[in-house]
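# Examination of the molecular architecture
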Amino acid sequence: MSIQTPQAIRGTQDIFGPDAEAFAFVVETFERVRKLYRFRRIEMPVFEKTEVFSRSIGETTDVVSKEMYSFLDRGDESLTLRPEFTAGIARAYITNGWQQHAPLKVATHGPLFRYERPQKGRYRQFHQLDAEIIGASEPQADVELLVMADQLLKELGIDHGVTLMLNTLGDGESREAWRAALVDYFRAVKGELSEDSQERLEKNPLRILDSKDPRDKAFLADAPKIDDYLNAEAQDFFGKVTSGLDAAGVEWTRAPALVRGLDYYRHTAFEFVTERLGAQGTVLGGGRYDGLIETLGGPHTPAVGWAAGIERLAMLVGERETTALEAIVVVEDDDLLNWGIKFVANLRAGGVTSDLLASGSPRKRFDKAAKSGAAAIFALSMKDGEPSCRTKGDEAVLKRLDGMMHRAVLAAKPQ
RNA sequence: GCGAUCGUAGCUCAGUUGGUUAGAGCGCCGGUUUGUGGUACCGGAGGUCGUGGGUUCAAGACCCAUCGGUCGCCCCA
């Protein structure tokens, strides 16, 4: 008679050890950098009414029909685990009257949920960092966000091999003209496109531009370019973004085929990409979404933001060690257990990273302590009928711990 | 939704053309040795070979199904 252990949900992760340390390092670095730029921390609900996402994302796409975790609550209301941060933040901006704080710079991070087939760097529950500027129409907002992203990657030590790909989708008018030209162009050669792209032609023509199929690639070089459809205003906006990046010393690469599927995106679109993560190379992405807040019933509100996958950043960061062990207290005689407990408590209260080793065969404890990598070992044992503490460690470490050690020993030593 | 590939101890893996009681290293537990000591040796616990069927005198190995992992396609807010 054995109990069947329930399995973890597909696409969820139990992160432990050096991977978890890398994850924490990413979050800690983001928190530090975000404060440098005065982005205010917000905490958001993990679920919302389904409309928050379906209305902003658009009913038609696979995204809504297949890839959201939606369910009915007890009142038969459809709720959805957040698949992104932006829509929820836009909702909060409207329902809390945050217009009074505009232009509002906010940042958050946490878990998101998408019903997808897991693969490298893609999970059903995954985690993102997020930064948004709401109520700012100037290109300087785009620039500030990108400079912050750039600094974050540098401080994570992963800027080498990660490139900022930058594009503009123009304003509403330019974007529509370009889209129409693309549809005309691809429709003329429809029969020669891949099956997938023939589908895309109807549903999401911009996406043909990043097709991986060689049949499609043949036509991409001569496809209409957004630059030929930008009006003066849109051109000026993009120019200010690029010159701002240059002024701040942020390197970027023009990516004319970089697009966004959703209609509310305007002007700047960008992705920091790497070759090092297989097929999921985008590590941080975002853009300007001036149309979003209106689709949720709010006033016209220009906004721009980005999100970054914590798991993907953590993979680039690589494994990280847990906090180094400074001192380990070994109880070599079980009668001295309480001394050990008090000893290590005093060390920790004094800010020394330490462990207590008091289990298993007493004879093997010292060897285990030696293997633990601790900079200093304090071994408690009986010597000539007296409790005694023997120390081992590098001179410098012992010296630094000296005052601490004496206090810990004296305060805790029995009799 | 589609495709490829993998699944043997807690971990990393071995296991020949199908052939006795499925192994090693690491880790864990205990013992001996050493005794300012990170050593060496001995022993122990731990396996429904992912699961269920099938082929066969005989299956960890071959076939089918199923579950799970990994990678890719689609999608990518």
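Let us look at the structure shown here. If you're wondering where the values come from, they're calculated on a predicted model, not measured in any experiment. (Residues numbered from 1 in each chain as written. Chains lettered and ligands numbered in written order. Predicted model: local features only at pLDDT ≥ 70, side-chain atom pairs only at ≥ 80, totals over all residues. Heavy atoms only, no water.)

### As for the packing of aromatic side chains
Evaluation of the coordinates by the stated rule reveals 7 aromatic pairs. An aromatic cluster of at least three residues, connected via ring pairs, comprises Trp 339, Phe 343 and Phe 378. Looking at Arg 124, its charged tip hangs above the ring of Tyr 115, at a distance of 4.0 Å from the centre. Stacked on the ring of Tyr 265, the Lys or Arg Arg 260 has its end atom at 5.8 Å from the ring centre. (Phe/Tyr/Trp six-rings, centres within 6.5 Å; stacked < 30°, edge-to-face > 60°. Lys NZ or Arg CZ within 6 Å of the ring centre and 35° of its normal.)

### Things to note about the sheet that holds strand E1 (residues 40–41)
Whenever strands of a sheet pair, they do so through backbone hydrogen bonds, lying parallel or antiparallel. What the 8 strands build is an open sheet, ordered E1-E5-E6-E11-E10-E9-E7-E8; its pairing is mixed. Lying at the two open borders of the sheet, with one neighbouring strand each, are E1 and strand E8 (253–254). Bridge count for strand E6 (residues 125–134) against strand E11 (residues 303–309) is 7 bridges, and the pairing is antiparallel. Residue pairing in the sheet places Asp 130 in a bridge with Ala 307 of E11. (Pairing = 2+ DSSP bridges. Helix = DSSP H or I, 4+ residues; strand = E, 2+ residues; numbered from the N terminus.)

### Topic: the environment of Lys 225
When you line up the elements, Lys 225 lands in the loop between helix H8 (214–220) and helix H9 (232–248). Each C-alpha atom, one on Lys 225 and one on Glu 77, is 44 Å from the other, the two residues being 148 residues apart in sequence. If we ignore the near neighbours within four places in the chain, the residues touching Lys 225 are Trp 178 and Leu 220. Here Ala 223 takes part through its backbone oxygen, which lies 3.1 Å from a polar atom of the side chain of Lys 225. (Contact = heavy atoms within 4.5 Å. Polar contact = N/O pair within 3.5 Å; in protein donor to acceptor, adjacent residues only side chain to side chain.)

### Focus: a nonpolar patch on the surface
Taken together, Val 46, Phe 47 and Phe 71 make up a surface patch of nonpolar side chains, about 240 Å² in accessible area. For Val 46, the location among the structural elements is in the loop between E1 and strand E2 (47–49). Since its relative accessible area comes to 31%, Val 46 is described here as partly exposed. (Patch = residues over 30% accessible without salt bridge, like charges linked within 9 Å, V, L, I, M, F, W, Y side chains within 5 Å. Areas by Shrake-Rupley, 256 points an atom, 1.4 Å probe, with all protein chains shown as cover. Salt bridge = Lys/Arg side-chain N within 4 Å of Asp/Glu carboxyl O. Buried < 20%, exposed > 50% of the residue type's maximum accessible area, 1.4 Å probe, protein only.)

### Let's talk about the environment of Ala 257
Looking at the element boundaries, Ala 257 is found in the loop between E8 and strand E9 (266–274). Ala 257 has contacts with Asn 167, Leu 209 and Asp 210, leaving out every residue within four places of it along the chain.

### Some words on the protein's contact with RNA strand B
Lining the immediate environment of RNA strand B, one finds 37 residues, of which Glu 84, Arg 200, Arg 207, Lys 212 and Ala 279 sit closest. The share of sugar and phosphate among atoms of RNA strand B within 4 Å of the protein is 51%. Separating a base oxygen of RNA strand B from a side-chain N or O atom of Lys 364 is a distance of 3.2 Å. Every element with two or more residues in the surface near RNA strand B is listed here: helix H3 (62–66), helix H7 (195–203), helix H13 (362–371) and strand E15 (386–393). (Near = heavy atom within 4 Å.)

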